[in-house]
Amino acid sequence: MDPFKIFIVEDDTMYGELLSFNLSLNPDYEVEHFTTGTDCVNALYKSPSAISLDYSLPDMTGLEVLEKIRKYNPEIPIVIVSGQEDVSTAVDLLKQGAYDYIVKDEDTKDRLWNTMKNIRENLSLKKEISELKEEIGKKYEFNTIIKGKSNVILQSFKLMDKAAKTNITVSVTGETGTGKELVAKAIHYNSPRAKKPFITINVSAIPNELIESELFGHEKGAFTGASARRIGKFEEAAKGSIFLDEIAEMDLNMQAKLLRVIQEKELTRVGGNQIIKTDVRVIVATHKNLAEEVKKGNFREDLYYRLLGLPIELPPLRDRGNDILILAKFFVDEFCRENKMDKPTISHEAQEKLLKYVYPGNVRELKAIMELAAVMSNSANIEADDISFNSTRSMTDFLLEENTLRGYTQKIILHYLEKYDNNILMVAKKLDIGKSTIYRMIKTGEISMK
Amino acid sequence: MEENIKLYNLDNLISMIGSEPESVKEFVHLFLDTSSQTMIQLNEAFEAQNYTQMGALAHKLKSSIDLMGIESLKKEIRTVEIIGKDQNNLQKLDDLIPKLNRILEEVYKQMQAEIE
């Protein structure tokens, strides 16, 4: 850790030296003593971690020095140490941004010691938070967050990049499991707002009567149970981004209120009168077609146009070709790393099987499939048999997967053979085809019985 | 009478820097140097009737007097500071300033005797 640099600004040489001596007993502190405000201000380039400032100095008042320090760097914590026992002076200085106010008496040493300890702890926490935020930022770099090289996904990267560089409202659409929230996060963490909050709210998960207070907050007593003031998600996301997932589920009344907040850039808490300015980037997502919802009268047209901003449509996984294999390998490797397992390879047959599937649950489903495959695999190879699809929408998927008529016929026959324990006569009867057709297909290798 | 009583108390100083004799000695020397310098300036300001400057110097001396436990001057140095700031009761200074000089000189003597 860097040394904790403390400036002691105290015109009484004796007292200043004493404070320096005392604080220097902590080997992590690097203390420097100045007897005038000017000397302190001139040394600010040394980036002190904290400053102990005497209120009465020969060349300027403590308030003047405080203002100069704050102008240079408002982040430096300043502790006023003063012989003035005047409460209003203390209050004024604290209002001007002083971190603490300590009166010179027999407890000064202990109070200053504790205050510096607190400042140091706060600084290290702030540093830790800032490092974590940077880590999160790295985690959400576009090509880290969304794997793939297909044209459709590269096109999405371009749009995400454009969105990140501006403040434009972004609407992300895509089937369930395509990664809409990840895209929203990636846009936020790659934008100038990255160090401010990213707040997510799933509109469909909150009852209609609660959503206004959730989004805009409420005052104490606004409704039964509002026992204290609570700030809403829009205020929480100040200078950051708010992600409204499943926006199509918002009721019409609430849509009007949201439109007003987005248009006016100000809100009023439920039960309150105070107008609060907002500075929030809005990112919305839905798996529904919002234009269709507008046509049906379920979504306000004005809000639709306000939210549309930059539309990013995430392609379903089945349209992403070889991205399926890139993602499959990524998920297996991640899972094995987290579970301290050896990373297996994916056999050619397993890859073929993966490429043929339609993934109604998209990337989320693929992730689950690959994690299960990693667990089921008994060797260094994931085989086709280790991969099992458990989709709840198999019929729709069957039709979604483009195939030739011959291909569909083979699939149907295979399905029936499995269902009726390879009883060819039964299958022929059920499908109303000749048993010789099935025998011929088996003979030519078009289908192979398990 | 003042000659017979110890006019200062280093407990407060020791609580801040520890009882290591060399450190205590170092700070007593520092007090002797800096406070005598401040006292010279304070006397000059008083003579020149620059009461604002005199008050500021009294403020500066106040914390050192507290630190060295010079009880007989704690109230007096504050009074000088207030008079300098408010410029009221200036006549009181005729007693206060000589008292400050007298007691501090005695303190210096006692301190020098102790550290030597």
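Small disclaimer: the values here were computed from a predicted structure and weren't measured. (Residues numbered from 1 in each chain as written. Chains lettered and ligands numbered in written order. Predicted model: local features only at pLDDT ≥ 70, side-chain atom pairs only at ≥ 80, totals over all residues. Heavy atoms only, no water.)

Chemist: Just give me the short version of the packing of aromatic side chains, but keep the residues and values in it.
Modeler: As enumerated under the stated definition, the model contains 13 aromatic pairs over all chains in all. An angle of 70 degrees between the planes, with centres 6.1 Å apart, marks the rings of B:Phe31 and B:Tyr108 as edge-to-face. Of this pair, B:Phe31 sits in helix 2 (residues 21–47) while B:Tyr108 sits in helix 5 (residues 93–115), placing them 77 residues apart in sequence. Taken together, the ring pairs in this structure connect A:Phe4, A:Tyr29 and A:Trp113 into an aromatic cluster. A cation over a ring is seen here: A:Lys104 above A:Tyr15, with NZ or CZ 4.9 Å from the ring centre. (Phe/Tyr/Trp six-rings, centres within 6.5 Å; stacked < 30°, edge-to-face > 60°. Helix = DSSP H or I, 4+ residues; strand = E, 2+ residues; numbered from the N terminus. Lys NZ or Arg CZ within 6 Å of the ring centre and 35° of its normal.)

Chemist: Outline the pairing of strand 2 (residues 29–34) of chain A, listing residues and values.
Modeler: The side chains of a regular strand alternate, residue by residue, between the two faces of the sheet. All names here are of chain A. Here strand 1 (residues 4–9) runs beside strand 2; their pairing, made up of 6 bridges, is parallel. Looking at the pairing, phenylalanine 4 lines up with tyrosine 29 of strand 2. In terms of handedness, the path from strand 1 via helix 1 (residues 13–24) over to strand 2 forms a crossover that is right-handed. (Pairing = 2+ DSSP bridges. Right-handed = clockwise from strand over helix to strand, strands pointing away.)

Chemist: Describe helix 19 (residues 424–431) of chain A, naming the residues involved and giving the relevant values.
Modeler: Residue and element names in this part refer to chain A. Where helix 19 is concerned, the buried positions are Ile424, Val427 and Ala428. Down the axis of helix 19, the sector holding all buried residues measures 100 degrees, keeping them to one side. The exposed set on the far side of helix 19, more than 90 degrees from its buried face, consists of Leu425 and Lys429. In this structure, the buried side of helix 19 is in contact with helix 18 (405–419) and helix 20 (435–443). Downstream of helix 19 by a residue or two, aspartate 432 has a phi angle that is positive, lying close to 55 degrees. (Buried < 20%, exposed > 50% of the residue type's maximum accessible area, 1.4 Å probe, protein only. Arc of directions from axis to C-beta. Contact = heavy atoms within 4.5 Å.)

Chemist: Account for the pairing of strand 4 (residues 78–82) of chain A, with residues named and values stated.
Modeler: Residue and element names in this part refer to chain A. Counting buried residues along strand 4, 5 of its 5 residues qualify, which places the element largely inside the surrounding structure. Here strand 4 shows two buried faces, one formed by Ile78, Ile80 and Ser82 and the other by Val79 and Val81. The pairing of strand 3 (residues 50–54) with strand 4 spans 4 bridges and is classified as parallel. Considered in strand 4, the bridge of aspartate 54 is made with valine 81. Relative to strand 5 (residues 100–103), strand 4 runs parallel, the two sharing 4 bridges. Within strand 5, the residue paired with valine 81 across the bridge is isoleucine 102.

Chemist: Before we move on, can you summarise the domain arrangement of chain A with the specific residues and values?
Modeler: Domain parsing of chain A yields domain 1 (4–132), domain 2 (141–313), domain 3 (317–396) and domain 4 (403–443). Between domain 1 of chain A and domain 3 of chain A, the C-alpha centre-to-centre distance is 59 Å. (Domains from an automatic or database assignment.)

Chemist: Let's hear about the sheet that holds strand 3 of chain A: which residues, and what values?
Modeler: Residues and elements named next belong to chain A. Spatially, the 5 strands line up as an open sheet ordered 2-1-3-4-5, and their pairing is parallel. The two strands at the open ends of the sheet, each matched to only one other strand, are strand 2 and strand 5. In this sheet, adjacent strand axes meet at a mean angle of 20 degrees when their direction is disregarded. Across the face of the sheet, helix 4 (residues 87–95) comes into contact with strand 4 and strand 5 while running at roughly 155 degrees to strand 5. (Axes fitted to C-alpha atoms, helices over the stretch in contact; angles between N-to-C directions.)

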